[in-house]
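Here is what each chain is made of, one letter per residue.
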Amino acid sequence: MTDAPIRPMPTHTSQPGSAGVEEPSSVLPPPVSRIRPARPASGTVTRPGDRIFSSLAIGSAVFITVLIAAIGGFLIWRAVPALRIDQVNFLTSREWHTTDLRAMAFGVLDLFQVTVLVSLVALVIAMPVALGIAIFLTAYARPQLARPLAYGIDLLAAVPSVVYGLWGLLVLAPTISPVAVWLNDTAGWFPLFANGSGSVAGGGTIFTAGIVLAVMILPIIAAVTREVFAQTPTSHLEAALALGATRWEVVRTAVIPFGRSGYISGSMLGLGRALGETMALYLIVRTTSVPFGWSLFDGGATIASKIALGYAEFDNPTQAGAYIAAGLVLFVLTFLVNAAARAAVTGKKA
């Protein structure tokens, strides 16, 4: 009896459905109708909601840019006729005589200097206080205390500026009068504390206005700084604590470096508010004809308060153009401050 020849077993490489070959169902490829074509790796599907949101975002950015450009164009258009008949250099003169249309002489130098000094005084006072408030609320205070205290500080931003002006004129100025007199007597040799054109004992000086402005911009700086500090990654805090750092060392090495850009941005927002403040300074700072001498006990007017003081002349387009030219300087100054803040923040991130 001879052995039957051994036939090779069919392999799985044969085509499905070929004659005489049956493959298990587990190794058969799925039906063609169930195979979905793969999407190209580079292609993305844009949903209608994303398309609408993108259009709204782009439209808003374009609208704001066009609006700001339109404001700048309007200021230039209305200021040029007055600048053409100005008898002095607008940027370097300290005069301001706009009542006689045939001999208009107006310059923005004193207004610019007063605006810058009073805003810097407010910023120097408000920045460290706001930083301390933000550190306390995010790193030291219990939640039961931090929430109501943060709400109370934020509410300071809702107080109208005219209320701050009245408070500074009627309450703050008499209260800090002894301090102002002492500074003037003991440190009068220093230019900032020298005898100025304002009333040291009765207020009405840049010293009083700077303190009021500091209170006004404090909630803006504190709120922005607090929100940024609260976003410090937990891993950074836990790593510092694991290395044996104290609470202050955690704040100094983890929280402040992480939130430095937000702190600078909040400070620049506060500075922008101080530069454009009108009613509070209109009520507090006493106007004077004496040239500004860079003393905290000087009087004078900021660009914004000078515009408010000259509202009676706005009926005449040429006279109004002089004040619009001053407003154009404030407009450009605000842009420069924002550009400097963005450059500082970018440098810190780099």
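Please read these numbers as outputs of a predicted model, since none were measured by experiment.

1. A word on the packing of helix α2 (residues 109-140) against helix α7 (residues 247-276)
At step 1: Two numbers describe how α2 lies on α7: the axes approach to 9 Å, and their chain directions differ by 145 degrees. The crossing of α2 and α7 is right-handed. Listed contacts from α7 to T115, S119, L123, M127, P128, L131, I135, A139 and Y140 of α2 are R247, W248, V251, I256, Y263, S267, M268, L271, A274 and L275.
At step 2: Residues that form the contact of α2 with α7 fall into these classes: 15 nonpolar, three polar and one charged.

2. Some remarks on helix α1 (residues 48-84)
At step 1: The terminal C-alpha atoms of α1, which comprises 37 residues, lie 54 Å apart, in line with the 54 Å expected from a rise of 1.5 Å per residue.
At step 2: Helix geometry: α1 is bent most strongly at R78, by close to 25 degrees, with proline P81 lying one to four residues after it.
At step 3: G72, L75, A79 and A82 are the residues of α1 that are buried.

3. Things to note about the packing of aromatic side chains
At step 1: For the coordinates displayed, the defined rule picks out ten aromatic pairs.
At step 2: Taken together, a centroid distance of 5.1 Å and an interplanar angle of 65 degrees make the contact between F331 and F335 edge-to-face. Placement of the pair is F331 and F335 together in helix α10 (residues 317-349), with a separation of four residues, close to one helical turn.
At step 3: Residue F335 is classed as partly exposed on the basis of its relative accessible area of 42%.
At step 4: Following the ring pairs from residue to residue traces out a cluster consisting of F90, W96, F106, F314 and Y323.

4. Structural notes on the packing of α2 against helix α3 (residues 143-155)
At step 1: In the contact formed by α2 and α3, the axes pass within 9 Å of each other and the chain directions differ by 150 degrees. Considering their axes alone, α2 and α3 lie roughly antiparallel with respect to each other. The hand of the α2/α3 crossing is left-handed. Contacts between α2 and α3 involve I133, F136 and L137 on the former and, on the latter, L145, A146, L149, A150 and I153.

The rules we used
- Residues numbered from 1 in each chain as written.
- Predicted model: local features only at pLDDT ≥ 70, side-chain atom pairs only at ≥ 80, totals over all residues.
- Heavy atoms only, no water.
- Axes fitted to C-alpha atoms, helices over the stretch in contact; angles between N-to-C directions.
- Helix = DSSP H or I, 4+ residues; strand = E, 2+ residues; numbered from the N terminus.
- Left-handed = near helix turned anticlockwise from the far one by under 90°.
- Contact = heavy atoms within 4.5 Å.
- Nonpolar A, V, L, I, M, F, W, Y, C, P; charged D, E, K, R; others polar.
- Expected span 1.5 Å × (residues − 1).
- Bend = angle between axes of the 7 residues up to and from the residue.
- Buried < 20%, exposed > 50% of the residue type's maximum accessible area, 1.4 Å probe, protein only.
- Phe/Tyr/Trp six-rings, centres within 6.5 Å; stacked < 30°, edge-to-face > 60°.
- Parallel < 35°, antiparallel > 145°, perpendicular 65-115°, else oblique.

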